[in-house]
Number of protein chains: 2
Amino acid sequence: MNRKAVVLLSGGLDSATVLAIAKQQCFDCYALSMDYGQRHASELDAARMVAASQSVREHLIMPLDLRAMGGSALTDDTLEVPSTPTQGIPVTYVPARNTIFLSLALAWAETLSAEDIFIGVNAVDYSGYPDCRPEFIQAFQNMAAVATRDAVEGRPCQIHAPLIELSKAQIIQYGNALGVDYAQTISCYQANSRGEACGQCDSCRLRAQGFADAGVPDPTRYVAQ
Amino acid sequence: MNRKAVVLLSGGLDSATVLAIAKQQCFDCYALSMDYGQRHASELDAARMVAASQSVREHLIMPLDLRAMGGSALTDDTLEVPSTPTQGIPVTYVPARNTIFLSLALAWAETLSAEDIFIGVNAVDYSGYPDCRPEFIQAFQNMAAVATRDAVEGRPCQIHAPLIELSKAQIIQYGNALGVDYAQTISCYQANSRGEACGQCDSCRLRAQGFADAGVPDPTRYVAQ
């Protein structure tokens, strides 16, 4: 019997690649997506397509109303998504997002008796979010090691972040070799309801440059200008 | 202007005491409760009463469907709440609960520009849950110190657990001195919809013993036998 893993699946390019990596490593994959009130809710449709095409065991989409808290351009419509690069950590940062998502993954992993969690964070071609860095993943792992019944009984959960040191181009080449269909994925922070990307936000820029650098045809659908 | 604090408020005895302590320390308090599908949903009514009587700035009750994950007698009706003490960590343990709750508190704190979070965990008269112990709180604090924009910009969040080393009797004496109305609070793991306690579960036993040891009249309403 294969080991189980919980894979955080946003519907973006990175997490689709991570799911393929977990499957390549022979894990039975349980995909977890969060319906957190994100501006780009069409990424959840993408997550559904990716989960289905990669044959996950189960795909759980949890509602979580982070709009009640706000504080990010992704969860507060009064804040605009920048169309040019900004200094420092951009307004698209969602407070404690990966901490929350990993916490929920940790809970699900424990109920499934899974000892592995995969997350597609990347600290090379990224928006500078603090919770995408190696020191955050390590600190979360250390915390998880004392947080759960499984951990104190000798079965700590391992957090895998296989993309964390890769460039976007390397991620795309890796996923391409594994057969990931990137046409299914949505990276844009403000993709419309048809899943079309703006082509201007931070996430669109990083994605487009990644395909160009990787020498892989870019299947992204953009809104008509 | 007072500093802001996020206070995790379950509606139980401990968190009502912690709220009073945070107020005594002159924080403007933002109470956060989770509607996580807990069997004892009447504790949310208790939380509302406590929040109102202690004049919090805001009381946010977040829906969070932990029943979708299950794995605990508190979130899965097919598992029974034990009426006698059990060996090891009991079935009322909710996987990663305090990790999830603290993560959401961390998110709200950041959007409020609050640098303090209060939680009523206790590692003396408790059910043996791993996420109520000092090493967990310290590990969460270490993780939070690298997780958020506020933290990396030099404003890390402080996790306060002022009850962690106190006995239940000491907690009750402390709260009593601060004027906490314990009649408003519900500790029972399976309180009914009228807020009446079973008198038999772990949490009821610890609470009743605490009032007895403290020499404080116990205002708990029990179901008629």
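If you're wondering where the values come from, they're calculated on a predicted model, not measured in any experiment.

### A word on the sheet that holds strand 2 (residues 28-35) of chain A
Residue and element names in this part refer to chain A. One open sheet holds the 5 strands; their spatial order is 3-2-1-4-5, and the pairing between them is parallel. Each of the sheet's edge strands pairs with one partner strand only, and the pair in question is strand 3 (58-63) and strand 5 (158-160). In this sheet, adjacent strand axes meet at a mean angle of 25° when their direction is disregarded. Taken together, the 5 bridges between strand 1 (residues 4-8) and strand 2 define a ladder with parallel strand orientation. Following the sheet pairing, Val-7 is matched in strand 2 by Ala-31. Along the sheet, helix 2 (residues 42-53) makes contact with strand 2 and strand 3, crossing strand 2 at roughly 170°. Along the sheet face, helix 3 (residues 97-112) touches strand 1, strand 2, strand 3, strand 4 (116-118) and strand 5 and points at about 160° away from the line of strand 1.

### Things to note about the pairing of strand 2 of chain A
Both faces of the sheet carry side chains from a regular strand, because those side chains alternate between them. Residue and element names in this part refer to chain A. Within strand 2, 6 of the 8 residues are buried, leaving the element largely enclosed by the surrounding structure. Running through helix 1 (residues 13-24), the crossover from strand 1 to the neighbouring parallel element strand 2 is right-handed. Pairing of strand 2 with strand 3, which is carried by 6 bridges, proceeds in the parallel orientation. Looking across to strand 3, one finds that Tyr-30 is bridged to Glu-58.

### Notes on the confidence of the model for chain A
On average, chain A scores 95 in pLDDT, and the residues at 70 or more come to 100%. Note on the complex model: pTM 0.96, ipTM 0.95.

### Points about the interface of chain B and chain A
Counting residues at the interface gives 37 residues for chain B, matched by 37 residues for chain A. Going through the elements one at a time, strand 3 (58-63), helix 3 (97-112), helix 4 (134-144) and helix 5 (149-152) of chain B are the ones with two or more residues in the side of chain B that touches chain A. Sorting elements by how many residues they give to the side of chain B that touches chain A places helix 3 of chain B first, with 9 residues.

What counts as what
Residues numbered from 1 in each chain as written. Chains lettered and ligands numbered in written order. Predicted model: local features only at pLDDT ≥ 70, side-chain atom pairs only at ≥ 80, totals over all residues. Pairing = 2+ DSSP bridges. Helix = DSSP H or I, 4+ residues; strand = E, 2+ residues; numbered from the N terminus. Axes fitted to C-alpha atoms, helices over the stretch in contact; angles between N-to-C directions. Contact = placed C-beta atoms within 7 Å. Buried ≥ 20, exposed ≤ 12 C-beta atoms within 10 Å, placed from the backbone. Right-handed = clockwise from strand over helix to strand, strands pointing away. pLDDT = per-residue confidence, 0-100.

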